[in-house]
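Next come the chains, spelled out residue by residue.
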Amino acid sequence: MKKTVLIGVTACVAIYKTCEIIRGLQKAGVRAKVVMTEHSTNFINPTLFRSLTREPVAVGLFDDRPGDPIHHISLSKEADLFLIAPCTANVIAKLAHGIADDLLTTTALATKAPIVIAPAMNVNMYENVATQENMETLRSRGIAFIDAESGYLACGDVGKGRLADPSVIVSAVLEMLEVKRDLEGKRVLVTAGPTVEPIDAVRFISNPSSGKTGFAIAEAAVRRGADVTLVTGPVDLDDVEGAKTVRVRTACEMFLEVDTVFDDADIAVFTAAVSDFRPSIVADGKLKKGIDDEALTRIELVENPDILATMGKRKRAGQVVVGFAAETGDVEANAREKLVRKNADFIVGNDVSEGKAFGADENQVLLVTKDDAKPLPLMSKADLANVILDAALEQ
Ligand code: C5P
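Here is a short report on the structure shown in this document. These numbers come from a predicted model, not from an experiment.

What counts, and where the lines are drawn
Residues numbered from 1 in each chain as written. Predicted model: local features only at pLDDT ≥ 70, side-chain atom pairs only at ≥ 80, totals over all residues. Heavy atoms only, no water. Salt bridge = Lys/Arg side-chain N within 4 Å of Asp/Glu carboxyl O. Helix = DSSP H or I, 4+ residues; strand = E, 2+ residues; numbered from the N terminus. Buried < 20%, exposed > 50% of the residue type's maximum accessible area, 1.4 Å probe, protein only. Near = heavy atom within 4 Å. Polar contact = N/O pair within 3.5 Å; in protein donor to acceptor, adjacent residues only side chain to side chain. Areas by Shrake-Rupley, 256 points an atom, 1.4 Å probe, with all protein chains shown as cover. Nonpolar A, V, L, I, M, F, W, Y, C, P; charged D, E, K, R; others polar. Pairing = 2+ DSSP bridges. Axes fitted to C-alpha atoms, helices over the stretch in contact; angles between N-to-C directions.

On to the pattern of salt bridges, then. Across all of its chains, the model carries 25 salt bridges by this definition. As a salt-bridge pair, Asp182 and Arg224 come within 2.8 Å of each other at their nearest N and O atoms. Of this pair, Asp182 sits in the loop between helix 8 (166–176) and strand 8 (187–192) while Arg224 is found in the loop between helix 9 (212–223) and strand 11 (227–232), placing the two residues 42 residues apart along the sequence. With relative accessibility at 32%, the residue Asp182 sits in the partly exposed group.

Listed below in structure tokens is the structure:
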């Protein structure tokens, strides 16, 4: 389940930096929703935040919202964390005194979620005893602060009061939400989906792989901070936001794409159900029944490149290669045989007999290493993606 950060926005020049905070949170798989003070709408129209978050933006305490009559309560319950960035001296003062005279402050008073404040204001306002005491009061009540930075301020003064860098705010929030960023700086390559091997202009050999597992791994890797390339055969899934998604049709095309990125990858996960063979001849047009029966009934096949085996043999020290084994019997023995033959670090073995796994949202697998086989419980492909990435990091 995605975590939700409610972002309270107040009237301060630093408001434009909130856009970057939203993008940073979204990149880490966090849902961002904005509540603005009336004053802040003088700086930025709510439409900008609505477009960025693809969520309604709340402003007025008494705005009519059909189906949601008590908006501050629904907002306060939706939030896993309430971040106020930028937060003015005025809103800090109101929060310190329990004043709830607009939607933002009323929501802050009502929420049970942790509140994090990133102040931004003129240096004199920041250093004013009133502001300092208000911040101290809020700190003593368990409200977290992301300290303002010192530097050149919008008003021309120099001193403390500049909003912390958006990347610092995003990291602090992710840490509080316990969102893992353990793949930061790592390159992850994932293959996914089936391949399609044409017989003629309309017919082909393929399989029912949905690509869901590979896409889930790519999504999880992006959320955990990796630089991700996803090479996928034809599937009915949208590009993974934050990853480079490369769409191919045939095994040979997939091989060429993987070949160009594999050497730079730290972790490569081969989930694609690659066709082992392809027709040796592909007819230009559509073969006609009754005319081309010889070509239609005797399709000669040639072997496709084994992408995992080729890359596995090329693997350098420090690179982790993960393969999949879809089996209809003796999963462990077959997976182990593949592990050795393809030089993978581990193989995710799954039983695909009786239509299991293909296209489903859940899967039950066996993690097979050289001298171990760990059965995992039935879990969602999203959870499995994280377990596979955890195992890859442990290699
Ligand atoms: O040999 P088999 O197809 O069962 O091996 C499955 C594993 O090998 C999967 O990880 C799959 O992505 C990979 N593979 C590949 N290229 C092929 C065949 C399989 O990368 N031509």
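Structure shown, so let's carry the discussion forward.
In the vicinity of the ligand lie 13 residues, with Phe270, Ala272, Leu308, Phe324 and Lys338 positioned nearest. Note that an oxygen atom of the ligand is positioned 2.5 Å from one of the side-chain N or O atoms of Lys338. Within the side chain of Lys342, an N or O atom sits 2.9 Å from an oxygen atom of the ligand. Considering the ligand on its own, with 440 Å² of exposed area, one finds that the protein chains cover 88% of that surface. Breaking the shell around the ligand down by element, the ones donating at least two residues are helix 12 (307–314), strand 16 (320–327) and helix 13 (331–342). Taken together, the residues that form the shell around the ligand break down as seven nonpolar, two polar and four charged.

So, about the sheet that holds strand 11. The sheet built from eight strands is open, its strands ordered 12-11-8-13-16-17-19-20 with mixed pairing. The open sheet has two edge strands with one neighbour each: strand 12 (244–247) and strand 20 (372–375). The average angle at which neighbouring strand axes cross in this sheet is 15°, direction not considered. As paired strands, strand 19 (residues 365–369) and strand 20 are joined by four bridges and run antiparallel to one another. Paired with Leu366 across the strands is Pro375, a residue of strand 20.

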